[in-house]
Every structure is written in C-alpha cells, then in structure tokens.
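# Chains, contacts and geometry: an overview
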Amino acid sequence: MAETAIMYDSSKCTACKGCQVACKQWNQLPSPLSSELFEYTESFQAPRDLGSNTWLIINFSEEDKEIGIDWNFMRNSCFHCTDAACEMACPVGAISHKDNGAVVIDQDKCIGCRYCVASCPFDVPRWDEAKNKTFKCWQCFDRTSAGRAPACVSTCPTDALQFGDRAEMLGLARERVSELKAAGFDKAEIYGEDELGGLHTIVVAHRGLEAHGLIRDPKIGLTDFWQFLKPLGAIGAGATVLGLGFSYFMARDYDRGEYSYDEATDTVSVKEVE
Ligand code: SF4
Ligand code: SF4
Ligand code: SF4
C-alpha cells in the first residue's frame, strides 16, 4: 500500500464543520447535547476541544483587526506522525502504523494507561473513563484500505481537504503555497513535510503556522522519559537476577537447623543439623 496523506488547506476552509459531522457519522461517535456547548466563549468554535467521542474539530483563532476579523481556521485531529510519540510510549504495543502511514489504536490491546495521552505533542488522544480506553482519529483505515477517501475528506464541499499519495499531496501543497504568496499571503507555509519524521496530515497554513496555532518544530515529550525507562527496566531486571545469585552464593553453606516446641515449658529449641 502506498504512503498516503490528508492535505488540509486553511485558505479554502470555510469552517462549515461538515468534516466534523462526517467523522461522527462514519465512526458512529455519539454527540451528547451539553449546555456547556452553548456557552458563549467569544469564539465560534464548537465543540471547544477534542474528546474520546470527538476525533476532529476545526479550531478557530479569530484575530480582531481594525476592520473586521481574520478567521484563522485549523483542522485539529491526529497528524499520523512517522515518529509517533504515542506509539513509542505505549507499553503494550496497542498503537501501530499501517502500511500507508496511518497510526491506529487497537482497542482490544489498550489498557487505558494514558501514556499516549501524555506523550502526544499535539494533545490528540483522549481517554474514556467509563471504557478505560483511549481514542483518536484512525484516518478511517476501513475506508482507505478499500480505496476510499476518509469520511471527512469525502464530505468537504470546498476541497479544503484532499487525500492521496503523500508525495502528490506535498506537491499540491507546495503549488498552493506559491499561489498564496503570489496573492499576498507572504507568511503562507507548509506543515508536516519534515516535522516528526513527516506527518500524514499535510497542512497549508495561509497566514503562517503561529496564526493557525501550529507548533513550530514539535518535540516528543514523555516518550523520551519512557524510552529512558525501558533500558533502566532492563538494568533493574538484570540487577535483580544478579542479587538473587549473590544471595544464593552467600547462603549456600547455611543450614537452618531443626526447630521444636515444648508445650509444657512453652519454649522453642533449635537443634543444629550435622
Ligand atoms: S468540511 Fe472542509 S470546509 Fe468544511 S470545515 Fe471541514 S475542512 Fe473546512
Ligand atoms: S498526532 Fe499524536 S496521536 Fe497522532 S500519531 Fe502523532 S503522536 Fe500519535
Ligand atoms: S480521517 Fe476519519 S476518523 Fe479521522 S478525522 Fe477524518 S473522518 Fe474522522
């Protein structure tokens, strides 16, 4: 299977949220009504954050201008990193890469430890307390492995989302950045070409990474700590074996003796073994 990617072009996104709905519908994710969703927060973003049942949202970074507002939208979902911190952090191998680059959680193996939650530089995986499992976008692998585009891409009415061969998506993104620069968007940039070994969601950020809330040069966090712990664990196990061997060596000539109890005098006596 060829390496594939989603491409998101912020300059074409109208924040219609069709992709959010398609994700919920295809993946059968419930969307409970909550009064919090309707609280005015000085932003039109809804819902406010990802969740165990919400694997994609369009983030709004509204910028007040002298006249009007700059609407800086950004797709917030898994980036399907080549160097995936979540995968490295998982102690039971529940997270893996598919051949096309999609990073997928195997729910049967997930033990709900939340190492992946702590390690993802983009704060993507979300833990479900009731199920004690962690969830995130799986790039609709059921669809892509059958030759279809992910549900979010299929529904996008403006072609802000596209899906295909990763090299082709990068080519389209480069072309688009050139067009945007020529049209006066000097800060237009590509995101995902090299970050974390290359992402499988490529972004065209027409007002620059910062305006769209993207982390420049993202780093792997807790995973480093976990990777550091793995050799320590091996050293600890080796030290335990050595310690047991040493104890055995020191005690090899030791005889415990025979204990006897005299009920009449309520005393215990030890007889040395010859
Ligand atoms: S469906 Fe397309 S235009 Fe609508 S919010 Fe999603 S990416 Fe933007
Ligand atoms: S964005 Fe986070 S959850 Fe997605 S592959 Fe990268 S590290 Fe894993
Ligand atoms: S690829 Fe599939 S699971 Fe991921 S955000 Fe799009 S619709 Fe949701």
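First, a word on what this report is: a plain description of the structure on this page.

Each value, and the rule that gives it
Residues numbered from 1 in each chain as written. Chains lettered and ligands numbered in written order. Predicted model: local features only at pLDDT ≥ 70, side-chain atom pairs only at ≥ 80, totals over all residues. Heavy atoms only, no water. Helix = DSSP H or I, 4+ residues; strand = E, 2+ residues; numbered from the N terminus. Buried < 20%, exposed > 50% of the residue type's maximum accessible area, 1.4 Å probe, protein only. Lys, Arg positive; Asp, Glu negative; His and termini not counted. Salt bridge = Lys/Arg side-chain N within 4 Å of Asp/Glu carboxyl O. Contact = heavy atoms within 4.5 Å. Pairing = 2+ DSSP bridges. Patch = residues over 30% accessible without salt bridge, like charges linked within 9 Å, V, L, I, M, F, W, Y side chains within 5 Å. Areas by Shrake-Rupley, 256 points an atom, 1.4 Å probe, with all protein chains shown as cover. Near = heavy atom within 4 Å. Nonpolar A, V, L, I, M, F, W, Y, C, P; charged D, E, K, R; others polar. Polar contact = N/O pair within 3.5 Å; in protein donor to acceptor, adjacent residues only side chain to side chain. Expected span 1.5 Å × (residues − 1). Arc of directions from axis to C-beta.

The next subject is the side chain of Arg143. Tracing the sequence through the fold places Arg143 in helix α4 (residues 141-144). No salt bridge is formed by the buried Arg143; the nearest opposite charge belongs to Asp142, separated by 5.9 Å. Beyond its immediate chain neighbours, meaning those up to four positions away, Arg143 contacts Trp26, Arg148, Ala149, Pro150, Ala151 and Ser154.

In this section: the environment of Ala5. Looking at the element boundaries, Ala5 is found in strand β1 (residues 4-9). What makes Ala5 buried here is its relative accessible area of 0%. When the C-alpha atoms of Ala5 and Asp165 are compared, they prove to be 6.3 Å apart, with 160 residues separating the residues in sequence. Those residues in contact with Ala5 that lie beyond four places of it in its chain are Gln162, Phe163, Gly164, Arg166, Met169, His200 and Ile202.

This part covers the pairing of strand β3 (residues 69-76). β3 sits mainly inside the fold: six of its eight residues count as buried. Two elements, strand β2 (residues 57-64) and β3, share eight bridges in a ladder whose sense is antiparallel. Bridging across to β3, Glu63 finds its partner in Asp70. Remark: four residues form the turn of the hairpin made by β2 and β3, two consecutive strands paired antiparallel; Gly68 in that turn has positive phi of roughly 80 degrees.

Together, Phe44, Ile69 and Trp71 make up a nonpolar patch on the protein surface, roughly 300 Å² of accessible area in all. Along the polypeptide, Ile69 turns up in strand β3.

Not every one of the 13 residues close to ligand 1 is listed here, only the nearest: Cys13, Cys16, Lys17, Cys19 and Cys156. Looking at the shell around ligand 1 residue by residue, the class counts come to nine nonpolar, three polar and one charged.

Mapped onto the elements of the fold, Asp70 is located in strand β3. A distance of 3.4 Å separates polar atoms of two side chains, one belonging to Asp70 and the other to Arg207. Setting aside its immediate chain neighbours within four residues, Asp70 contacts Ser61, Glu62, Glu63, Lys65 and Arg207.

This part covers the site of ligand 3. The local shell around ligand 3 holds 13 residues, among which Cys23, Asn27, Cys137, Cys140 and Cys152 are the closest. For the shell around ligand 3, the per-class residue count stands at nine nonpolar, three polar and one charged.

Further remarks concern unusual backbone geometry. Each neighbour pair has its own omega, and for Ala46 with Pro47 the value is -5 degrees, a cis peptide bond. Counting through the fold element by element, Pro47 comes out in the loop between α1 (18-26) and β2. Located in the positive-phi region is Cys140, a residue other than glycine, with phi close to 45 degrees. Relative to the helices and strands, Cys140 is located in the loop between β7 (133-135) and α4.

To continue, consider helix α6 (residues 166-182). Count 3.6 residues to each turn of an α-helix, and residues three or four apart come out pointing the same way. Between its first and last C-alpha, α6 extends 24 Å over 17 residues, near the 24 Å set by a 1.5 Å rise per residue. When α6 is considered as a whole, its buried residues turn out to be Arg166, Met169, Leu170, Ala173, Arg176, Val177 and Leu180. The arc that holds the buried residues of α6, viewed along the axis, is 125 degrees, so those residues lie on one side. Among the exposed residues of α6, those oriented more than 90 degrees off its buried face are Ala167, Glu168, Glu175 and Ala182. On its buried face, α6 is in contact with β1, β8 (161-165), β9 (189-191) and β10 (201-205). Taken from the residues just after α6, Gly184 is the one with a positive phi, measuring 105 degrees.

Further remarks concern the environment of Gly208. Structurally, Gly208 is set in the loop between β10 and α7 (222-250). Taking the relative accessible area as the measure of exposure, Gly208 reaches 2% and is therefore buried. With 21 residues separating them in the primary sequence, Gly208 and Lys187 have C-alpha atoms 4.7 Å apart. Once you skip the residues sitting within four places of it in the chain, Gly208 turns out to touch Lys187, Ala188 and Glu189.

By themselves, these observations are geometric and do not establish any function.
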